[in-house]
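# Descriptive structure summary
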Amino acid sequence: MTRVFGIRHHGPGSARSLRTALERFRPDAILIEGPADADPLVGYVAAEGMSPPVALLAYVPDQPAKAAFWPYAVFSPEWQALRHAAEHAVPVKFCDLPATTVLATEDEPGDRIDPLAELAAAAGYDDAERWWDAVVESVADADAFEAITEAMGALREAAERGMFAIGPATDAIEDTSPGRQPHEIPGIPAGGDPSSKTFEPDDQPRPAAHAESANSRTGDIVDEAIELEDVERQAIGIDAHTLRREAHMRQTMRKALKEGAQRLAVVCGAWHAPALTGKLGPATADAKLLKGLPKVKATVTWVPWTHSRLATTSGYGAGITSPGWYHHLFTETEQPVARWLTKVAGVLRAHDLPVSSAHIIESVRLADTLAVLRARPLAGLSEVTEAVRSVMCAGDETMVRLVASELVVGEALGAVPDGTPTVPLDADLRARIRTLRLKQEALSRNLDLDLRKEREVERSRLLHRLRVLGIDWGTPTTGEVRSTGTFRESWTLRWRPEFAVSIVEASRWGTTIRTAAEAKILDTAGRAGSTVGDLTAALEVALLADLGDATNGLISRLESAAALDHDVTHLLAALPGLTRTLRYGDVRGTDTEALAHVADGLLVRICAGLPGAVTGLDTDAAEQLRSQLDAAHTAIHTRDNDWATGEWLAALHRLADRDDVHGALVGRAVRLLADAGRIDESDSARRLSAALSIGNTAAAKAAWIDGFLGGRGLLLVHDRELLRLIDNWLRGLGDDMFVEILPLLRRTFGAFGSGERRAIGQAVRDGGSGTSCTGADTTFDVERGLVAMRTVADILGVPV
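Residues numbered from 1 in each chain as written. Predicted model: local features only at pLDDT ≥ 70, side-chain atom pairs only at ≥ 80, totals over all residues. Heavy atoms only, no water.

Helix and strand content of the protein: 33 helices and 10 strands. When the 800 residues of the protein are sorted by exposure, 51% land in the buried category. Accessible area for the protein stands at about 35,800 Å²; split by element, carbon and sulfur atoms hold 52% of it. (Helix = DSSP H or I, 4+ residues; strand = E, 2+ residues; numbered from the N terminus. Buried < 20%, exposed > 50% of the residue type's maximum accessible area, 1.4 Å probe, protein only. Areas by Shrake-Rupley, 256 points an atom, 1.4 Å probe, with all protein chains shown as cover.)

Here it is, written out as structure tokens:
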């Protein structure tokens, strides 16, 4: 006896009904829709550590990006069939086209009929998902399979007779179910758009049941189906690829029966059920249809998956709209509505919305009442959502969307056993994760690292190495713990299923995370066209990731590139990153002597080339160079090296003394020298007075002021002499001149903080009165100073 169970992929009602039906039927062999070459992995279903959602991953070893996934959740009927087989020691195999063929097939078309929508429309529903939820998911019925197979058989006959006016092939709904995504970017079907909603008949919420076998027609339409690949189809909704898949399923059924199966159970998408029911007939037609299919070498394994990747919003062609809700329906068999609304209340309370027990009680009553009014046996997702909207959220759609995101879709990350076949790089990553006590989670989690602790440093290095390999498990972020030093890093961690493919892709660089990251960063930095800035950035990353074997090679390449690069702007852009690298090296205990030598050589070239670089610049170029001067100045002072600081300030002094350089650069050089104590405030005031003299144009004067003051209004607040000079200059301008420079000055003063602008305005309103800081008679309160110093000493733990 053979029974075909047409199911909906990822349907809890189908899963529960199937489990009951299998218990009744007691098969001695089970076939499941899935890649036939994944049979060796069936044994891992019952292994310790296997926890859905998981997925079968098939990829081409030489082209890891060419991959396909077959996901399963705990509420997937296929998973329940696998579990039944494991628990009852029943032989189980997959019966769909093998991954070797799936990955070799190019852009196969898909069926253009959505049977779920057709059946829902026939039942008077305008929402196919709501119809399926009402008919199947809310009520488990082991006897429903025959009825739905019969309905699918009627739809297939209508499609074959051309009764569905679906339109040209370009408007077809793509076949994007799990077994047909050979070029899939995880979550995005091949050739599809992640924002589009695509359906494939056997992967939709399908009603299952029994019908007359469609095999009698298979032989008649084989040749026609093959020709359909090159012909625009106006009405037929069954394409050649679907027919090939069903032919392979029948061939697998014949093999199982030949091997002695007496009670064979076949679990497949409901759309395929009519084609597998009844007498299988001769194998000639199926063999002809499968002859000459392309093949490619492929590797298949298990990988963790997430609920969000099962959702249609992720672009998954066989997706569902509410994986979190379906998981709840399958796992919570007692009072599912009340338990669901209790979870909703917990989510809303976590977001500071006052929700009481009375809200939960009234929500349950409203949901049940709506179900009675709509003649439903149990409140479904639409009823509980309306109850939540009305009672708990008071009509606030923002909170309803929050519930939908956190619960209706939800997020759960599966796990696979440690012994699951994998590439060596993945094995090394798993070992490192266990050693460092990290946890792969689907939800975002903040991680603050104290780099003074060895384990925290190792965690940081692992995350940086993964980023080098293109596996962005961790994203650097601003942490909640305030810190101004380099001893702390903050990350946001979120594991995504597609990282499984990224790991396979990265395995070509090495067998461990460290060696692979070293090989890749050296390869990237060694490419033609790598600038000094690129090499500096790569070196900074290498030091953060502790890629010691790559550091020496990067330093050598950087030294050569810097010697050949005569563009001072390139060298200036590289200097801050190089200085940061030196600082991180100190914190992480890395030998940076060679790196310091490169930084010194870079500074010498910058100081030597700066006079020529600042000549003949227009306003835009001058402002861009000014930003680089600021960054370099900060970097050099951060490094705190006497020789480097002296060389840099000497170069700035030479720049400040020139009268053939753009005012924005001269003004900024004067300001930086004043901040460093190389020129005093009286010298700064003298230079400002000279810049505002009659011999210069109004635009040049405004540029000098912008360079001198840019972003630092407190200088005018505390130095009334400078404020007086600028105020007198402005008062002496004619109307035309004032209008000409007003936009420049507005930009300068607009960059000040609001408090700085108010203080400057107050000083001007008071007539600029007050004593300049220069030469002021200042009296210090020694007693108060000693109290403050003792407090600071106590904080630092320094004896007084």
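Let us now look at the packing of helix α17 (residues 454-468) against helix α19 (residues 513-525). Two elements in contact, α17 and α19, have axes separated by 9 Å at closest approach and are oriented at 45 degrees. Considering their axes alone, α17 and α19 lie oblique with respect to each other. Here the hand of the crossing between α17 and α19 comes out left-handed. Contacts between α17 and α19 involve L462, R465, L466 and V468 on the former and, on the latter, I513, R514, A517, K520 and I521. Of the residues that constitute the contact of α17 with α19, the class distribution is six nonpolar, no polar and three charged. (Axes fitted to C-alpha atoms, helices over the stretch in contact; angles between N-to-C directions. Parallel < 35°, antiparallel > 145°, perpendicular 65-115°, else oblique. Left-handed = near helix turned anticlockwise from the far one by under 90°. Contact = heavy atoms within 4.5 Å. Nonpolar A, V, L, I, M, F, W, Y, C, P; charged D, E, K, R; others polar.)

Attention now goes to the sheet that holds strand β2 (residues 29-35). Read across the open sheet, the four strands follow the order β1-β6-β2-β5; overall the sheet is parallel. Two strands lie at the open edges of the sheet, namely β1 (2-7) and β5 (92-96), each paired on one side alone. Looking at each pair of strands side by side, their axes are set apart by 30 degrees on average, direction ignored. Sheet topology places β2 next to β5; four bridges connect them, and they run parallel. Looking across to β5, one finds that I32 is bridged to F94. Contacting β1 and β6 (264-269), helix α1 (residues 12-25) crosses the sheet at an angle of about 170 degrees to β1. Together, β1, β2, β5 and β6 form the strand contacts of helix α8 (residues 240-258), whose direction differs from that of β5 by roughly 150 degrees. (Pairing = 2+ DSSP bridges.)

Our focus in this paragraph is the pattern of salt bridges. This structure, assessed with the given rule, holds 28 salt bridges. One salt bridge in this structure joins E259 and K93, with 3.7 Å as the shortest N-O distance. Taken together, the residues E259 in the loop between α8 and β6 and K93 in strand β5 connect sequence positions 166 residues apart. (Salt bridge = Lys/Arg side-chain N within 4 Å of Asp/Glu carboxyl O.)

So, about the confidence of the model for the protein. Within the protein, residue pLDDT values average 77, and 80% of them lie at 70 or more. Contacts for the low-pLDDT stretch residues 165-236, under 50 throughout, to residues beyond four places or in other chains number 233 contacts. (pLDDT = per-residue confidence, 0-100.)

With that settled, the discussion passes to the pairing of strand β3 (residues 54-60). For β3, a buried count of seven out of seven residues is recorded, marking the element as mostly surrounded by other parts of the structure. Where burial is concerned, the two faces of β3 agree: the one with V54, L56, A58 and V60 and the one with A55, L57 and Y59 are both buried. Summarising the sheet, β3 and strand β4 (residues 63-72) pair through seven bridges and their orientation is antiparallel. Following the sheet pairing, Y59 is matched in β4 by A67. Here β3 folds back onto β4 in antiparallel fashion, the turn holding two residues.

Before going further, it helps to spend a moment on the side chain of S490. Counting through the fold element by element, S490 comes out in strand β10 (residues 488-493). At a separation of 2.5 Å, a polar atom in the side chain of S490 contacts the side chain of D448. (Polar contact = N/O pair within 3.5 Å; in protein donor to acceptor, adjacent residues only side chain to side chain.)

With that out of the way, let us pick up the packing of aromatic side chains. In total, this model carries nine aromatic pairs according to the counting rule given. With a centroid separation of 5.0 Å and 85 degrees between ring planes, the pair formed by W325 and W340 is classed as edge-to-face. You can see W325 sitting in helix α11 (residues 323-331) and its partner W340 sitting in helix α12 (residues 336-350), a full 15 residues away along the chain. Relative to W495, the ring of W473 lies with its centre 5.4 Å away and its plane at 85 degrees, an arrangement referred to as edge-to-face. One end of the pair, W473, is in the loop between α17 and β9 (474-476); the other, W495, is in the loop between β10 and α18 (499-506), and 22 residues separate them in sequence. Overall, W473 belongs to the buried group, its relative accessible area being 1%. In this structure W495 comes out as buried when scored by relative accessible area, which is 6%. By the ring-pair criterion, three or more aromatic residues cluster together here, those being F5, F25 and F145. The residue whose ring lies beneath R156 is W271, and the NZ or CZ to ring-centre distance is 5.5 Å. (Phe/Tyr/Trp six-rings, centres within 6.5 Å; stacked < 30°, edge-to-face > 60°. Lys NZ or Arg CZ within 6 Å of the ring centre and 35° of its normal.)

Let us now look at the nonpolar core. If you look at the biggest cluster of nonpolar residues, it comprises 193 residues, and the most contacted ones within it are L56, W302, L341, V384, M392, W473 and W648. No other element matches the nine residues that helix α23 (residues 593-613) contributes to this core. (Core = buried A, V, L, I, M, F, W, Y, C linked by side-chain atoms within 4.5 Å.)

Relative to the assigned elements, K66 resides in strand β4. For K66, a relative accessible area of 18% translates into the label buried.

Within helix α4 (residues 115-122), burial applies to P115, L116, L119 and A120. Relative to the axis of α4, the buried residues are bounded by an arc of 130 degrees and lie together on one face. Looking one or two residues beyond α4, the residue adopting positive phi is G124, at roughly 90 degrees. (Arc of directions from axis to C-beta.)

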